[in-house]
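Next come the chains, spelled out residue by residue.
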Amino acid sequence: MSKVMIIGAGGVGAVVTHKCAQLPEVFSEIVLASRNEAKCKAIAGQLDRPIKTAQVDADNVGELTALLQKEQPELVINVALPYQDLTIMDACLAAGVHYLDTANYEPRDTAKFEYKWQWAYQDRFAQAGLTAILGSGFDPGATNLFTAYLAKHYFDEIHELDIIDVNGGDHGYPFATNFNPEINIREVSAECRHWEGGQFVTTPPMSKMARFECPENVGAFNIYRMYHEELESLSKHFPGLRRAQFWMSFSDNYLKHLEVLENVGMTGIEPVEYQGQQIVPIQFLARLLPDPSSLGPRTRGKTCIGCMVRGVKQGSERLMYLYNICDHQECYREVQSQAISYTTGVPAMIGAKMLLEGSWRRPGVWNVEQCDPDPFMADMNRYGLPWKAIELDPQFQLDLVKGADL
Ligand code: NDP
């Protein structure tokens, strides 16, 4: 029985709040705090049990520390934006509260996310006897634990990892992002990096494409290699990996819009002066695009996100694929959100449950794959994200489309 504070009342925050509210035996009290309390109240109004709401600017360590001292939760679930990770970690240290997030810190003025800033908190959390769990969404999050689970139960050594994130959903808009537009566009327009031969190799954005046939009739999709933050922690924590890549599906329509927006400078992060005001183009663009939390009722189709791992078991080469399929409309019926928010929010709730119940509680700062994957994987099946592990013919290769080096 524990009190939890959820920070951020966006698409993911709504799902985390719904899912925590479904488990009063674990999350006995819930406080939902965000920059705009009206959004917290709107989410609270969707629930069938009372929760508290609060207004807070999580960029302000003093303000957040005071709120934490007043409410005294055991754990903060940070589902605000990556920009707030360090200030929220500082406030947790000041108030003696455990911490969990779904995305690693990113400075506002550089579109580059890295774990080094958060890993630097290791000693401070350890000395305070507090646990910080990093990256407990789907990717990062479930994908890290899928890798750890496969490594633990199916392999003696793992050598190659392909994380494949397919969103086969359609929201009917010409262009919209499924989570925070600013964070999403910064991520997909960044240079690609993948792990190969003991180092990261950099290639231009979207320069490698493959065709991937999802299981269970979800469909066939063009997937593009890109950088994603779990590659940094997984290549560190599984040093036997010779290659690790991340792939995401994009429709031709999404890519066409993104290219035009980039070409005209609308994805820029440097402020531009316009009529005496400083305007950051990507923030203005985010203002114009549909709010991801409004996509739930109109998104149809499925996501299929999983990890393909190649390695060796008892001297023989082996290839395993562990995946989850999630239906946008089923998510909407359950928690009034589309599947991208759902697939992020459910692992955040489960990670929080792991920490509060003790199986992931260990003073220090940890990426999820450093924790025991077994209880997490069992709860994925119980709380809405069932998964399957299937063995593939080791001859299988991701089918690189002709002319794939675009
Ligand atoms: P949204 O933009 O929908 O929600 C973010 C929320 O945080 C908003 O309610 C926003 O307030 C609030 N917020 C922003 N700044 C502050 C602040 N300074 N103080 C208090 N609250 C603040 O984003 P999403 O819900 O789509 O994403 C949330 C997080 O989840 C992001 O970090 C994202 O990167 C991560 N994510 C992780 C995924 C994974 O699989 N690991 C996948 C998808 C997302 P306001 O309403 O006022 O704007």
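Scoring rules and cut-offs
Throughout, a residue's number is its position along its own chain's written sequence, starting from 1. Only residues with pLDDT of at least 70 are given local features in this predicted model, and only at 80 or more are side-chain atom pairs given and counted; all residues enter the totals for whole chains, interfaces and linings. In this document the domain limits rely on a domain assignment from an automatic tool or a database. Distance between backbone-placed C-beta atoms decides contact: two residues are in contact if it is within 7 Å. The way it works is that DSSP assigns letters per residue, a run of H or I at least four long becomes a helix, a run of E at least two long becomes a strand, and they are numbered from the N terminus. Throughout, the ten residues Ala, Val, Leu, Ile, Met, Phe, Trp, Tyr, Cys and Pro are labelled nonpolar, Asp, Glu, Lys and Arg are labelled charged, and all others, Gly among them, are labelled polar. Placing a C-beta atom from the backbone of each residue, we mark the residue near a molecule or strand if the atom is within 6 Å of it. Using C-beta atoms placed from the backbone, we call a residue buried if 20 or more other C-beta atoms fall within 10 Å of its own, exposed if 12 or fewer do, and partly exposed for counts in between. Taken from the helix axis, the directions to the C-beta atoms give the arc we talk about. As used here, a nonpolar core is made of buried Ala, Val, Leu, Ile, Met, Phe, Trp, Tyr and Cys residues. They are joined through C-beta atoms within 7 Å.

### Topic: the domain arrangement of the protein
Next up, step 1: By domain assignment, the protein separates into domain 1 (2-138 + 340-382) and domain 2 (143-330 + 386-405).
Next up, step 2: Summarising the inter-unit geometry, the C-alpha centres of domain 1 and domain 2 are found 23 Å apart.
Next up, step 3: Opposite the 26 residues of domain 1 that make contact, domain 2 presents 28 residues.
Next up, step 4: For the side of domain 1 that touches domain 2, the secondary-structure elements that each account for two or more residues are α1 (11-21), α13 (339-357) and α14 (373-382).
Next up, step 5: For the side of domain 1 that touches domain 2, the element with the most residues is α14, which contributes five residues.
Next up, step 6: In terms of residue class, the side of domain 1 that touches domain 2 is built from 15 nonpolar, nine polar and two charged.

### A few points about the site of the ligand
Next up, step 1: In the vicinity of the ligand lie 32 residues, with G8, G10, A58, G137 and F179 positioned nearest.
Next up, step 2: With three residues, α1 is the single largest residue contributor to the shell around the ligand.
Next up, step 3: Taken together, the residues of the shell around the ligand sort by class into 14 nonpolar, 13 polar and five charged.
Next up, step 4: Both domain 1 (2-138 + 340-382) and domain 2 (143-330 + 386-405) contribute no fewer than three residues apiece to the shell around the ligand.

### Things to note about helix α3 (residues 61-71)
Next up, step 1: Of all the positions in α3, only L64, L67 and L68 are classed as buried. All buried residues of α3 project into a common sector of 100 degrees when viewed along the axis, lining one side. For α3, exposure combined with an orientation more than 90 degrees from the buried face picks out G62 and K70.
Next up, step 2: Elements that come into contact with the buried residues of α3 comprise β1 (2-7), β2 (27-34), β3 (52-55) and α4 (85-95).
Next up, step 3: Two residues or fewer after α3 comes Q72, characterised by a positive phi angle close to 50 degrees.

### Focus: α1
Next up, step 1: In terms of residue burial, α1 counts as a mostly covered element, since 11 of its 11 residues are buried.
Next up, step 2: When α1 is considered as a whole, its buried residues turn out to be G11, V12, G13, A14, V15, V16, T17, H18, K19, C20 and A21.
Next up, step 3: For α1, the secondary structure elements touched by its buried residues are β1, β2, α2 (37-44), β4 (75-78), α12 (328-335) and α13.

### Considering the nonpolar core
Next up, step 1: Within the largest apolar cluster, 110 residues are counted, with the highest numbers of intra-cluster contacts made by I7 and I77.
Next up, step 2: When residues of this core are assigned to their parent elements, the largest contribution, 11 residues, is made by α13.
Next up, step 3: When we break this core down by domain, the ones giving at least three residues each are domain 1 (2-138 + 340-382) and domain 2 (143-330 + 386-405).

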